[in-house]
Amino acid sequence: MSVSMRTRVRAKMRSELALQMYPLFAEQGIETVTAEQAAKEAGISRATFFRYFSSKEEAVVTALHAVGTDLTSVMEQLEPRSGESTLEMLRRCFEASVIAAESDPSTVRSRTQLVLSSPSLRAAWSMQRRETEKSLAEALNEHCGNLRLAQTATVIALTLHEHALMRWLESDDISLRDALDEAFDYAAMLDTPR
């Protein structure tokens, strides 16, 4: 088996194990579940747990990433639209997360609240975000041909998404779609003369 094949098989196994453990973490909270309990939930030993994950936080973030949208893949498949700004193109990358929130809002809310409930999970999620920033900016650079612009636009778009997500979590009066559209609209207005 080639190295890249082993890497893909290991990544798939990590995702599957993390997804099996995730409901336990979501139900009881990451702080109260032990690595041994999480391993048992997935039908593996504690030693095997630590062969795949360095921590409980890594297992939870792996599960969340497995069910989330791969923004880089989305960007690689997007075709630019005539007259579309870089931010508008990035906004389209988040459409899958909007659809997920519309089809199963309680699951998306509970996943997000789980991350917010734990400082260690927020830190792990931030590390994942930095990786996403880098890969998404590289994919966007293929469309705009300016890496610095792609990096800046990516940071802005991910921040706008997080802002909209927090607004949606805090209010039953707005959909994630509306919160996201509003955030991107206001960002576009920043460059408009007063």
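Note that the structure is a prediction, hence the values are computed from the model and not measured.

(A) Region of interest: a negative patch on the surface. A contiguous patch of negative charge on the surface is contributed by Asp70, Glu76, Glu138 and Glu142. Within the fold, Glu142 resides in helix α9 (residues 119-144). The exposure class assigned to Glu142 is exposed, which follows from its relative accessible area of 68%.

(B) Representation of the pattern of salt bridges. Under the defined criterion, the tally for this structure stands at 11 salt bridges. With a closest N to O distance of 2.9 Å, Glu16 and Lys12 form a salt bridge. In this pair, Glu16 and Lys12 both sit in helix α1 (residues 3-28), 4 residues apart, roughly one turn of the helix. Glu84 is paired through a salt bridge with Arg92; the nearest N and O atoms lie 2.8 Å apart. Note on Arg92: relative accessible area 18%, which makes it buried. Here the residues in one salt-bridge network are Arg91, Glu95, Glu102, Arg177 and Asp181, joined through shared partners.

(C) Focus on the layout of surface pockets. The space that makes up the largest pocket amounts to roughly 1000 Å³. Taken together, 35 residues form the lining of the largest pocket, with Leu64, Gly68, Trp125, His161 and Leu165 sitting closest to its centre. Mapped by element, the contributors of at least two residues to the lining of the largest pocket are α4 (56-67), α5 (71-77), α7 (95-103), α8 (105-116), α9 and α10 (147-170). Per-element accounting of the lining of the largest pocket gives the leading share, 10 residues, to α9. Here the residues of the lining of the largest pocket sort into 14 nonpolar, 12 polar and 9 charged. Forming the walls of the second largest pocket are 14 residues, and the residues nearest its centre are Arg14, Glu58, Val61, Thr62 and Gln128. Those elements that place two or more of their residues in the lining of the second largest pocket are α1, α4 and α9.

So, how was this worked out
- Residues numbered from 1 in each chain as written.
- Predicted model: local features only at pLDDT ≥ 70, side-chain atom pairs only at ≥ 80, totals over all residues.
- Heavy atoms only, no water.
- Patch = residues over 30% accessible without salt bridge, like charges linked within 9 Å, V, L, I, M, F, W, Y side chains within 5 Å.
- Areas by Shrake-Rupley, 256 points an atom, 1.4 Å probe, with all protein chains shown as cover.
- Salt bridge = Lys/Arg side-chain N within 4 Å of Asp/Glu carboxyl O.
- Lys, Arg positive; Asp, Glu negative; His and termini not counted.
- Charge placed at Lys NZ, Arg CZ, Asp CG, Glu CD.
- Helix = DSSP H or I, 4+ residues; strand = E, 2+ residues; numbered from the N terminus.
- Buried < 20%, exposed > 50% of the residue type's maximum accessible area, 1.4 Å probe, protein only.
- 1 Å grid on protein atoms, 1.4 Å probe; cavity = no way out; pocket = protein on both sides within 12 Å on 5 of 7 lines; lining within 4 Å.
- Points joined across faces, edges and corners; volume = space filled by probe spheres on them.
- Nonpolar A, V, L, I, M, F, W, Y, C, P; charged D, E, K, R; others polar.

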